[in-house]
Amino acid sequence: MTKRKLWQLLWRHYRTLLLTAGVILLLAGIKEGYSVTHNPSLYVAAHATNFTLTSVTGVRTIASLGVSFVLGILLFLTDNFTNFDQYLFSLPVTRRRIYRRKIGLLIGTLISGYVVMEVSFGLIAWRAIVNRHVQINWNATLYEDLETLAAILTLSLLAATFGLWVGHVFASVLAAFVFTCSLVFAYDGLINVVAGLTGLKYRQVDVLGRLQGHQLSGVLTILALCLVISGCLYWLDQWAFEHLSLESSQDFFRFPQWRGAVLGFSIGYLIVAISCSQFGTGILGMVTDNYRAQMPLLAGIIMALVVAYLTWSLGRWFLYRPDKFRDVWTFKKLA
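Every residue gets a number counted from 1 within its own chain, in the order that chain's sequence is written. Under the rules for a predicted model, residues below a pLDDT of 70 receive no local features and side-chain atom pairs below 80 are neither given nor counted, while totals for whole chains, interfaces and linings still include all residues. Side-chain numbers come from the whole structure's heavy atoms, not from hydrogens or water.

1. Describing the domain arrangement of the protein chain
For each domain, the first and last residues come from an automatic or database assignment. The domain boundaries assigned to the protein chain delineate domain 1 (1–167 + 211–248) and domain 2 (169–206 + 255–334). Distance between the C-alpha centres of domain 1 and domain 2: 29 Å. Facing 16 residues of domain 1, the contacting portion of domain 2 comprises 13 residues. The term buried area means the drop in 1.4 Å probe accessible area that two parts suffer when joined, counted for both and summed. With both sides pooled, the region where domain 1 packs onto domain 2 buries about 1200 Å², and carbon together with sulfur makes up 84% of that total. For domain 1, the biggest contributors to the area lost against domain 2 are Phe69, Phe162 and Trp165; these three give 39% of the whole. Any two residues having at least one pair of non-hydrogen atoms within 4.5 Å are treated as being in contact.

Dropping the structure here:
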């Protein structure tokens, strides 16, 4: 099968999904553009220097993140239930080529959709911004757009990972949502752990927090970090796509040989994200009505044990025996 025919085949199958994503991004740009036009004093900040620093970035940000997240999951997850994977794997073409074309569609749709969204917003809001005498810093605008685009592409590949590795709809969406939303707390918890072990202050360890996003050095660092994460996810998912077994396509986790590693990682990850971060101190404050800046050692140990037990039990339910909900809460070996 030629490259062109493969592109045409994939485009015909996914075009509704891809075009819907593009239309949503376009509408988000148009909506915010008209919001600025109708009420510029409310939406354009007094000292704004670029488009992205206006106070009207909410809808565009939500649309970009939401579309990249949903599109990344559905592009791989839906094939489990339409049997499209079975058809693709029967074609005279390698799985690697199929995977690369699908990722190409994902990235191409997000980049083109984001550009269309920003251009539509700029064209509509331009007159209102000029009338407010905003001195636009085009370098800062470009830096913000590059950072946002890198972030949504990385998020889409992360979502694609859950859509590919987890076969069940509920488990895939839930795991992707929990993991993505907890990344900020996981980073905060990791910084707290490193600071505690090294005796340094939080600010000294928080490398990302010291980055200046409006400067070239900060932008290059963020882009390099997103590139490394995206590259790792790309090659991980490529390996998974090449070794995917159709027999496990409907399982909660489609690679049984990695269940133990995934369960161990999940336990460690959630302990750091919950027990060692501000999220954990917030939970402790709500329970005890005593809010503290740092987690007490004894409370942190107890919370870590609780999180580990809950994650271990739910992980056994999802990964090993979805039909044994009662047994996973006990310490006996699952049959």
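2. Remarks on the packing of helix 9 (residues 183–198) against helix 12 (residues 259–275)
Taken N-terminus to C-terminus, the directions of helix 9 and helix 12 make an angle of 80°; their axes are 7 Å apart at the nearest point. As summarised for this structure, helix 9 and helix 12 are arranged roughly perpendicular, according to the angle between their axes. Along its contact with helix 9, which presents Leu183, Phe185, Ala186, Gly189 and Leu190, the element helix 12 presents Tyr269, Val272 and Ala273. A class-by-class count of the residues in the contact of helix 9 with helix 12 yields seven nonpolar, one polar and no charged. In this description, a line fitted to the C-alpha atoms serves as the axis of each element, helices being fitted only across the stretch in contact, and the angle between N-to-C directions of two axes falls anywhere from 0 to 180 degrees. Labels follow the DSSP assignment, with helices taken as runs of H or I lasting at least four residues and strands as runs of E lasting at least two, numbered in each case from the N terminus. Any angle that falls under 35 degrees is termed roughly parallel, while one over 145 is termed roughly antiparallel, one within 65 to 115 roughly perpendicular, and all others oblique. Ten residues, namely Ala, Val, Leu, Ile, Met, Phe, Trp, Tyr, Cys and Pro, are considered nonpolar, four, namely Asp, Glu, Lys and Arg, are considered charged, and the remaining ones, Gly among them, are considered polar.

3. Remarks on the packing of aromatic side chains
Two aromatic rings from Phe, Tyr or Trp, using only the six-membered ring of Trp, form a pair when their centres are within 6.5 Å; if the ring planes differ by under 30 degrees the pair is stacked, by over 60 it is edge-to-face, and anything between is tilted. Taken as a whole, this structure holds 20 aromatic pairs when the rule is applied. Aromatic side chains Phe89 and Phe241 sit 5.4 Å apart centroid to centroid with 75° between the ring planes, which places their arrangement in the edge-to-face category. Taken together, the residues Phe89 in helix 5 (residues 84–89) and Phe241 in helix 11 (residues 216–242) connect sequence positions 152 residues apart. As far as burial versus exposure is concerned, Phe89 and Phe241 are alike and both buried. Note on Trp165 and Trp239: the rings are 6.1 Å apart at their centroids and 25° apart in plane angle, and the pair reads as stacked. Taken together, the residues span a long stretch of sequence, with Trp165 in helix 7 (residues 138–165) and Trp239 in helix 11 at a distance of 74 residues. In this structure Trp165 comes out as buried when scored by relative accessible area, which is 10%. Take Trp239: its relative accessible area is 29%, and that puts it in the partly exposed class. Feature note: the residues Phe76, Phe89, Tyr99, Tyr234, Trp235 and Phe241 constitute an aromatic cluster, connected by ring pairs. Each residue's exposure class comes from its accessible area (1.4 Å probe, protein chains only) as a fraction of the maximum for that residue type: buried when under 20%, exposed when over 50%, partly exposed otherwise.

4. Digging into the state of the cysteines
When two cysteine sulfur atoms are found within 2.5 Å, that pair is recorded as a disulfide. Applying the stated criterion across every chain, the model contains zero disulfides. Its sulfur unpaired, Cys226 is 12 Å from the next cysteine sulfur, which belongs to Cys232.

5. Things to note about the nonpolar core
Of all hydrophobic cores here, the largest spans 65 residues; its most connected members are Leu10, Tyr14, Phe76, Leu88, Ile103, Leu164 and Phe241. Counting residues domain by domain, this core receives three or more from each of domain 1 (1–167 + 211–248) and domain 2 (169–206 + 255–334). Each residue touching Phe241, except ones within four places of it in the same chain, is listed here: Phe76, Asp85, Phe89, Arg95, Ile98, Tyr99, Lys102 and Leu164. Nonpolar core, defined: a set of buried Ala, Val, Leu, Ile, Met, Phe, Trp, Tyr and Cys residues in which side-chain atoms within 4.5 Å join the residues together. Formed by five residues, the second largest nonpolar core is a distinct cluster that contains Val36, Phe121, Ala125 and Ile129.

6. Here's the deal with the environment of Thr311
Inspection of the secondary structure assignment puts Thr311 in helix 14 (residues 297–319). Taking relative accessible area as the criterion, Thr311 reaches 11% and is therefore assigned buried. Along the sequence, Thr311 and Leu298 sit 13 residues apart, while their C-alpha atoms lie 20 Å from each other. In this view, Thr311 contacts Leu263, Ser266, Ile267 and Leu270; residues no more than four positions away in its chain are not counted.

7. Structural notes on the UniProt feature "transmembrane region" (unreviewed entry) in the protein chain
UniProt positions are given in the numbering used here, feature names are shortened, and annotations may be inferred rather than shown by experiment. Here, the residues flagged by UniProt with the feature "transmembrane region" (unreviewed entry) are residues 59–82, 103–129, 149–166, 173–195, 215–236, 262–285 and 297–319. This span, residues 173–195, is 96% helix and 0% strand, and a straight line between its end C-alpha atoms measures 33 Å. Helix makes up 95% of residues 215–236 and strand makes up 0%, while its end C-alpha atoms are separated by 32 Å.

8. Brief notes about helix 12
Each helix should span, by expectation, one fewer than its residue count multiplied by 1.5 Å. If you check helix 12, its first and last C-alpha atoms are 24 Å apart, about what 17 residues at 1.5 Å a residue would give, namely 24 Å. Inspection of helix 12 places Leu263, Ile267, Tyr269, Leu270, Ala273 and Ser275 among the buried residues, and these make up the whole buried set. Tucked into the core, helix 12 has its buried residues touching helix 8 (169–181), helix 9, helix 13 (278–288) and helix 14.

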